[in-house]
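Architecture at a glance
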Amino acid sequence: FNSEFECDFIGSTNTLISSSKLHSLNYITPMHNNNDGLVIYEEAKEDHIYVMSVDTARGQGLDYSAFIVIDVTTSPYKVVCRFKNNTIAPMVYPTIIRSVAEKYNKAYCLIEINDIGGQVADILFQDLEYENVLQSVYKGRGGQVIGSGFGGSKIQLGVRTTIPVKKLGCSILKSLIENDKLIIEDMDTVNELYTFVAKGPSFQADDGHNDDLVMCLVLFSWLSRQEYF
């Protein structure tokens, strides 16, 4: 009873996703769940297109490095795999990303590069020669734009989570979930949504909680409105 009451309390405050929608989200038992934080709900299907959004932490037991794999072949989109680990070293992380991304038909990887994620993107693309790393370029007032084969000096592997990127990503994520355009059946991700709340002009994990998987969804949601997508 207590945990149910707590969810009612949390979900009815200032969460990004409406309280009624949060209560309707169900989670299922994964096909595969290993001790390193990799959870698989659906194996790759032939001819399906997958996107992986990646968040990187420093591996010091604080924030989590996380990624989410989403089947974007048809709408509604569906989370088929996720990873969350707070002890993995950033230098090892790209190897895991590549291993999983290749299994999902060489998934398109969108990597958040605010902090140490830039190194992860470089290792994945340059050293491990994984080609499907999405790139972005600054377009003045247009902000960052995703594309491939850009010329010029402002190109970057991955995307920087700026205030506009996060604001738009949060808005689109809310719309996708509340309109049943994104299926999430992972318990950890649903639990993070329960504690992803308004803080000032933005949203973030409530005190004592984390939002690493949700931030992967925010990045994906931002990507879903890009012309390239």
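Our subject is the structure that appears above.
Notes on the structure follow. Predicted, not measured: the structure shown is a model, and the values here were computed from it. (Residues numbered from 1 in each chain as written. Predicted model: local features only at pLDDT ≥ 70, side-chain atom pairs only at ≥ 80, totals over all residues. Heavy atoms only, no water.)

Here we come to the nonpolar core. Most often, soluble globular proteins keep nonpolar side chains buried together rather than apart. Among the nonpolar cores identified, the biggest contains 37 residues, and Ile70 and Leu182 are the most heavily contacted of them. Elements supplying a minimum of two residues to this core: β4 (65-71), β5 (77-85), α5 (163-178), α6 (187-194) and α7 (212-223). At 10 residues, the largest contribution of residues to this core is made by α7. Other than its neighbours up to four places away in sequence, Leu182 contacts Ile70, Pro76, Tyr77, Lys78, Val79, Leu173, Leu176, Ile177, Leu217 and Phe220. Formed by 28 residues, the second largest nonpolar core is a distinct cluster that contains Leu38, Ile97, Ala101 and Cys109. (Core = buried A, V, L, I, M, F, W, Y, C linked by side-chain atoms within 4.5 Å. Buried < 20%, exposed > 50% of the residue type's maximum accessible area, 1.4 Å probe, protein only. Helix = DSSP H or I, 4+ residues; strand = E, 2+ residues; numbered from the N terminus. Contact = heavy atoms within 4.5 Å.)

This part takes up the side chain of Thr161. The residue Thr161 is located in the loop between β9 (155-157) and α5 in this model. A polar side-chain atom of Thr161 sits 3.4 Å from a polar atom in the side chain of Glu112. Once residues within four sequence positions are removed from consideration, Thr161 is found in contact with Glu112, Asn114, Lys166, Met215 and Leu219. (Polar contact = N/O pair within 3.5 Å; in protein donor to acceptor, adjacent residues only side chain to side chain.)

Glancing now at the packing of aromatic side chains. Tallied over the full model, the rule gives eight aromatic pairs. For the ring pair Phe67 and Tyr93, a centre distance of 6.3 Å and an interplane angle of 20 degrees mean the geometry is stacked. Residue Phe67 is located in strand β4, and its partner Tyr93 is located in helix α3 (residues 93-103); the two are separated by 26 residues in the primary sequence. For Tyr93, a relative accessible area of 0% corresponds to the buried category. With 5.9 Å between their ring centres and 85 degrees between their planes, Tyr77 and Phe229 make a pair best called edge-to-face. On the criterion of sequence distance, the pair formed by Tyr77 in strand β5 and Phe229 in the segment after α7 is long-range, its members being 152 residues apart. Using a relative accessible area of 33% as the deciding quantity, one classes Phe229 as partly exposed. An aromatic cluster is built from Phe67, Phe83 and Tyr93, whose rings are joined through pairwise contacts. (Phe/Tyr/Trp six-rings, centres within 6.5 Å; stacked < 30°, edge-to-face > 60°.)

α7 packs onto α5 with a crossing angle of 95 degrees between their chain directions and a minimal axis gap of 7 Å. Classified by the interaxial angle, the pair formed by α5 and α7 is roughly perpendicular. Counted together, Val165, Lys166, Leu168, Gly169, Cys170, Ile172, Leu173 and Leu176 of α5 and Val214, Met215, Leu217, Val218, Leu219, Phe220, Ser221 and Trp222 of α7 form the full contact between these two elements. Considering only residue class, the contact of α5 with α7 consists of 13 nonpolar, two polar and one charged. (Axes fitted to C-alpha atoms, helices over the stretch in contact; angles between N-to-C directions. Parallel < 35°, antiparallel > 145°, perpendicular 65-115°, else oblique. Nonpolar A, V, L, I, M, F, W, Y, C, P; charged D, E, K, R; others polar.)

In this section: unusual backbone geometry. Trans is the prevailing form of peptide bonds, just as negative phi is the prevailing case for residues other than glycine. Put simply, Ser75 and Pro76 share a cis peptide bond, and its omega is 0 degrees. Take Pro76: it is sitting in the loop between β4 and β5. The phi angle at Lys106 is positive, at roughly 55 degrees, despite the residue not being glycine. Examined against the element boundaries, Lys106 turns out to sit in the loop between α3 and β6 (108-111).

Moving on, we get to the pattern of salt bridges. Within the structure shown, the criterion is met by eight salt bridges. Of the charged contacts in the structure, one is a salt bridge between Asp188 and Arg82, with a shortest N-O distance of 3.1 Å. Here Asp188, found in helix α6, pairs with Arg82, found in strand β5; they are 106 residues apart in sequence, far enough to count as distant. For Arg82, a relative accessible area of 8% gives the class buried. With a shortest N-O distance of 2.8 Å, Lys174 and Glu178 are connected by a salt bridge. (Salt bridge = Lys/Arg side-chain N within 4 Å of Asp/Glu carboxyl O.)

This part covers the pairing of strand β8 (residues 144-147). Here strand β7 (residues 135-138) runs beside β8; their pairing, made up of four bridges, is antiparallel. Considered in β8, the bridge of Tyr138 is made with Gln144. Adjacent in sequence and paired antiparallel, β7 and β8 are bridged by five residues, among which Gly140 carries a positive phi angle near 60 degrees. (Pairing = 2+ DSSP bridges.)

On to the packing of α3 against helix α4 (residues 117-127), then. In the contact formed by α3 and α4, the axes pass within 9 Å of each other and the chain directions differ by 55 degrees. Relative to α4, the element α3 is oriented oblique. You can see that α3 and α4 cross each other, and the crossing is right-handed. Contacts between α3 and α4 involve Tyr93, Pro94, Ile97 and Arg98 from the first element and Val120, Ile123 and Leu124 from the second. Classifying every residue of the contact of α3 with α4 gives six nonpolar, no polar and one charged. (Left-handed = near helix turned anticlockwise from the far one by under 90°.)

Read these as geometric descriptors, not functional statements.
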